[in-house]
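Here's the letter readout for the chains.
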Amino acid sequence: EILKGVHGRVSDLCSPTQKKYQMALTVAMGRNMDAVVVDNEKTAKECIRYMKDNRIPAMTFIPLQSIQVKPVKESLRQLGGTAKLMVDVVQHDTSIETAILYACGNTIVCDTHDEAKKIAFHGEERQKVVSIDGTMIAKSGNMTGGLSGSMEAKMKRWNQKEVDKLKDQRSGMEEELNQIGNLRLAQQKEQQMSQELQDLKRKADR
């Protein structure tokens, strides 16, 4: 609202295609979930300057015009089973696709931990894989999992977005119903006034 070219936090600009991917997406994005998407470096510098002037805690910015991202490996879309590229299970506007690629990379998501291990350690090239329970296997082979308080709070954002969306829809429908009601009242008033006018005309003609 203050500076032009600011799109918002990554987590506010996208959502998983299905609820079952909420945990995996939260884990895969990590701190990038809180990164702010902006048009370019100039906008990012303006944001940082504003934050310093107002003593706002540091944030990460993703400038769409200059951020470097690795291209999607099309072969990873052919793994079979329940395996999918994380970017393929994220709903987002095409205008911020670069930011989503940056946040997710070529991370793979699958339904089970056993399947994740097979994919992560199969072949010469290691892959970063996350199962839907939030267990992540890094390219180095390190495995992380579990649900922390901060992670749980981040996960709730996806559901809150759905709630907010439903509230907006409800407000829109209520407004529409009010307008319909007002229209009916206006029509009734018009008919009443028309009837009164006709009565006056008849009295004047007598």
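It should be noted that the structure appears before, not after, this text.
Residues numbered from 1 in each chain as written. Predicted model: local features only at pLDDT ≥ 70, side-chain atom pairs only at ≥ 80, totals over all residues. Heavy atoms only, no water.

> With reference to specific residues and values, describe the overall build of the protein.
On a plain count of helices and strands, the protein comes out with six helices and ten strands. Relative to its 206 residues, the protein shows a buried fraction of 31%. (Helix = DSSP H or I, 4+ residues; strand = E, 2+ residues; numbered from the N terminus. Buried < 20%, exposed > 50% of the residue type's maximum accessible area, 1.4 Å probe, protein only.)

> Give me the nonpolar core: which residues, what numbers.
Counting 39 residues, the largest nonpolar core has Val 10, Met 29, Met 86 and Cys 104 as the members making the most contacts within it. Considering each element in turn, this core owes the most residues, six residues, to helix H2 (residues 22-29). Ignoring sequence-local partners within four residues, the contact set of Met 29 consists of Val 10, Cys 14, Ala 103 and Cys 104. Counting six residues, the second-largest nonpolar core is a separate cluster that includes Val 36, Val 38, Ala 44 and Phe 61. (Core = buried A, V, L, I, M, F, W, Y, C linked by side-chain atoms within 4.5 Å. Contact = heavy atoms within 4.5 Å.)

> Could you give an account of the pattern of salt bridges, with specific residues and numbers?
Enumeration according to the criterion identifies four salt bridges in this entry. A salt bridge links Arg 77 to Asp 88, with the nearest nitrogen and oxygen atoms 2.7 Å apart. Here Asp 88 lies in the loop between strand E5 (84-85) and strand E6 (90-92) and Arg 77 lies in the loop between strand E4 (61-63) and E5, a separation of eleven residues in the sequence. Taking relative accessible area as the criterion, Arg 77 reaches 33% and is therefore assigned partly exposed. Salt bridges sharing partners connect three or more residues here, namely Glu 74, Arg 77 and Asp 88. (Salt bridge = Lys/Arg side-chain N within 4 Å of Asp/Glu carboxyl O.)

> Lay out the sheet that holds E4 in plain terms, naming residues and giving numbers.
Ordered by their spatial adjacency, three strands build an open sheet running E1-E3-E4, and the pairing between neighbours is mixed. Two strands bound the open sheet, and with one partner strand each, they are strand E1 (6-9) and E4. Between one strand axis and the next, the sheet turns through 20° on average, direction left out of account. Where helix H3 (residues 41-53) meets the sheet, it contacts E1, strand E3 (36-38) and E4, and its direction lies at approximately 155° from that of E4. (Pairing = 2+ DSSP bridges. Axes fitted to C-alpha atoms, helices over the stretch in contact; angles between N-to-C directions.)

> Residues and numbers for the sheet that holds strand E9 (residues 136-137), please.
Within a sheet, each strand pairs with its neighbour through backbone hydrogen bonds, oriented either parallel or antiparallel. On the basis of which strands lie adjacent, the open sheet formed by five strands has the order E5-E7-E8-E9-E10 and mixed pairing. At either margin of the open sheet sits one strand with a lone partner, and together these are E5 and strand E10 (143-144). Against the sheet, H2 engages strand E7 (108-110), strand E8 (129-131) and E9, with an angle of about 150° to E8. Helix H5 (residues 113-120) contacts E7, E8, E9 and E10 of the sheet and is inclined by roughly 175° relative to E8.

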